[in-house]
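Report on the structure
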Amino acid sequence: MGEAISKTMNKTGRVGRLLSRLPLRRALVAYVTAYLLLALLLIACTVSLCERVREYAVYNATAEVIGEDGRVVRISCALINAAVVAEVNGNAEYRLVLRTEDEPLYTLCGVAEMLCIVVWPLVCLSLAARGFYRRKLRVPLGVLRDAAQRIGRNDLDFTIDYDAPDELGRLCGEFEQMRRGVLAHERGLWRAMEERQRQTDALTHDLRTPLTVLKGQTEMLEAAAGTDRTKDMLRTMHGHILRMERYVAGLSEMRRLEDAAAQREAVSAAELLTSLRETGEALAREWGKAFELEDAGLPQTLFADAQIVQRVFDNLTGNAVRYARRHVAASLRVAEGNLVLTVRDDGPGFSQEALLHATSPFWSEEKTGKQGHLGLGLNIASLLCERCGGTLALFNEPEGGTRVRAGLGCALTGAQTAESGAAARKAGNEKRL
């Protein structure tokens, strides 16, 4: 007995391994064919069983026969042969009377014979689909889903290990090749970034000393110069040296921002707004413009990096007052749990080229570098927004002027987010009512 069971299990294992090596199309055909054959067998067994039950009910029935004189004669079907019973059962002049306890069973068997022709194929096809999925699809799809999720998280430190000789096995192999290619590309980018950062650090370090020396010497020469023409030339040289110093300082700041991370903590909204308002009014007063700051119903406490918010505000507002005609407006609000800073001005607006490249480092429409503008303000603001998990977006207003929106990441704690969501749902329900 044990040997028979062992042989059966070995055969089942060989069949399973054979199915696992088949291509998907052939495996699907094999599963459907096998289970349809099983359905035919089950239909045959069901019909045979129902016929036997119906024969038993007829065997215990009574045949009512109408005699020549019109009288009804009742004969037990057990006393006559099967041919006569069949004739009685199919003749309109006769009536077969089943026992009371056999009537439901007789009817049920008739219904079962009709339904099994539909039910068993459907059941077997569903079993075939389930078996095909479990043996051929579940594992490779799980492997691919896990790999896609890890790649989406920029986690490439894993291996896709699924080597079945079918289409999904080959797909997993190609996915593994793609992972290796992406990993190699990421490592190349990382090495290039490190090399660029090293070169930037070396450049800024090597330029600081000669620029400091040149600035000091030009100041001394300007003080000792005898003619106005010489003084003008020295002042021009001094201005260009200062511009080079700002350029080097900008490179150093960009290098620091690439390694910086947002440090979120509880911040008083009132204190943050006061600091932003004072900064905005000072910048606007320096350029002779009007400024206003709107707080769109902020909670008393924000969960944010106040220094990043301040720096982004400084850069956006400083850029706005430079190009505004008369007025700059800023607003700070919480939208869907995220802190959003918006700065508007009534200036000429962004050109199409500026909309595409204004957040790039050292890009400026002022090609001659007027007003000491290096083109780093929007780039630094964009980098800071990315450190907070947000983005910087530039728009031209339909009525004129520009609008810059800075997303500064989540600004609420978990409890505040839940309260905000409940308040929004309550407002929505009240609106519907």
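Residues numbered from 1 in each chain as written. Predicted model: local features only at pLDDT ≥ 70, side-chain atom pairs only at ≥ 80, totals over all residues. Heavy atoms only, no water.

**Some points on the nonpolar core**
V312, L316, L332, L339, L341, L392 and L408 are the most contacted members of the largest nonpolar core, which has 41 residues in total. The element that contributes the greatest number of residues to this core is helix α8 (residues 306–323), accounting for 7 residues. Judged by nonpolar contacts, the second largest core, of 8 residues, contains L144, I160, A164 and C172. (Core = buried A, V, L, I, M, F, W, Y, C linked by side-chain atoms within 4.5 Å. Buried < 20%, exposed > 50% of the residue type's maximum accessible area, 1.4 Å probe, protein only. Helix = DSSP H or I, 4+ residues; strand = E, 2+ residues; numbered from the N terminus.)

**Side note on the packing of α8 against helix α10 (residues 377–387)**
Here α8 crosses α10 at 150 degrees, and the two axes come no closer than 9 Å. Judged on the interaxial angle alone, α10 and α8 are roughly antiparallel. Crossing of α8 against α10: the hand is left-handed. Within the contact between the two elements, α8 uses I308, R311, V312, N315, L316 and N319 and α10 uses G377, L378, I380, A381, L384 and C385. Across the contact of α8 with α10, the residue classes tally to 8 nonpolar, 3 polar and 1 charged. (Axes fitted to C-alpha atoms, helices over the stretch in contact; angles between N-to-C directions. Parallel < 35°, antiparallel > 145°, perpendicular 65-115°, else oblique. Left-handed = near helix turned anticlockwise from the far one by under 90°. Contact = heavy atoms within 4.5 Å. Nonpolar A, V, L, I, M, F, W, Y, C, P; charged D, E, K, R; others polar.)

**Things to note about the pattern of salt bridges**
All chains considered together, the criterion is met by 6 salt bridges. The residue R150 makes a salt bridge to D155 at a minimum N-O spacing of 3.0 Å. Judged by relative accessible area, which is 21%, R150 ranks as partly exposed. We note a salt bridge from E397 to R344, for which the minimum N-O separation is 3.2 Å. Highlighted residues: E397 in the loop between β9 (392–396) and β10 (402–410) and R344 in strand β8 (residues 338–345), separated in sequence by 53 residues. (Salt bridge = Lys/Arg side-chain N within 4 Å of Asp/Glu carboxyl O.)

**Quick look at the pairing of strand β7 (residues 327–335)**
With 6 bridges connecting them, strand β5 (residues 290–295) and β7 associate as parallel partners. For D295, the partnering residue across the bridge sits in β7 and is L332. The pairing of β7 with β8 spans 8 bridges and is antiparallel. By the bridge assignment, A330 is partnered in β8 with V343. Hairpin connection between β7 and β8: a loop of 2 residues separates the two successive antiparallel strands, and E336 in this loop has a positive phi of roughly 55 degrees. (Pairing = 2+ DSSP bridges.)

**Describing α10**
Summarising burial for α10: 9 of the 11 residues are buried, a large majority. Taken together, the buried positions of α10 are occupied by G377, L378, N379, I380, A381, S382, L383, L384 and C385. Downstream of α10 by a residue or two, G389 has a phi angle that is positive, lying close to 85 degrees.

**Here's the deal with a nonpolar patch on the surface**
A cluster of nonpolar side chains, V111, M114, L115, I117, V118, V119, L122, V123 and L127, forms an exposed patch at the surface whose accessible area comes to about 790 Å². Tracing the sequence through the fold places L115 in helix α4 (residues 103–152). Taking relative accessible area as the criterion, L115 reaches 49% and is therefore assigned partly exposed. (Patch = residues over 30% accessible without salt bridge, like charges linked within 9 Å, V, L, I, M, F, W, Y side chains within 5 Å. Areas by Shrake-Rupley, 256 points an atom, 1.4 Å probe, with all protein chains shown as cover.)

**Observations regarding the packing of aromatic side chains**
The description of an aromatic ring pair uses the distance of the two centres, along with the angle that the planes make with each other. Considering all chains together, one arrives at 3 aromatic pairs under this definition. On the basis of an interplanar angle of 80 degrees and a centroid distance of 6.0 Å, the ring pair of Y31 and F132 is categorised as edge-to-face. Linking Y31 in helix α2 (residues 24–59) with F132 in helix α4, this pair joins segments that are 101 residues apart in sequence. Overall, the relative accessible area of 7% leaves Y31 in the buried class. When its relative accessible area of 10% is taken as the criterion, F132 is described as buried. (Phe/Tyr/Trp six-rings, centres within 6.5 Å; stacked < 30°, edge-to-face > 60°.)

**Concerning the environment of V53**
Its place among the elements puts V53 in helix α2. Placed 49 residues apart in sequence, V53 and D102 show a C-alpha to C-alpha distance of 9.4 Å. Here V53 is in contact with L105 and C109, once residues within four sequence places are set aside.

**Things to note about the environment of L122**
Relative to the helices and strands, L122 resides in helix α4. On the basis of relative accessible area, L122 is assigned to the exposed category, the value being 56%. Each C-alpha atom, one on L122 and one on A39, is 8.5 Å from the other, the two residues being 83 residues apart in sequence.

**A few points about α8**
Here α8 contains 18 residues, and its C-alpha end-to-end distance of 26 Å stays within 8% of the 26 Å for a straight helix at 1.5 Å per residue. All buried positions along α8 are accounted for by I308, V309, Q310, V312, F313, L316, T317, G318, N319, A320 and V321. Where α8 starts, the residue carrying a side-chain oxygen 3.2 Å from the main-chain nitrogen of Q307 turns out to be D305. (Expected span 1.5 Å × (residues − 1). Polar contact = N/O pair within 3.5 Å; in protein donor to acceptor, adjacent residues only side chain to side chain.)

**Remarks on unusual backbone geometry**
The phi torsion at N154 lies on the positive side, around 65 degrees, for a residue other than glycine. Turning to its location among the elements, N154 is positioned in the loop between α4 and α5 (167–224).

**Focus: a positive patch on the surface**
A surface patch of like charges, here positive, comprises R130, R134, R135 and R138. With respect to the helices and strands, the residue R130 is situated in helix α4. (Lys, Arg positive; Asp, Glu negative; His and termini not counted. Charge placed at Lys NZ, Arg CZ, Asp CG, Glu CD.)

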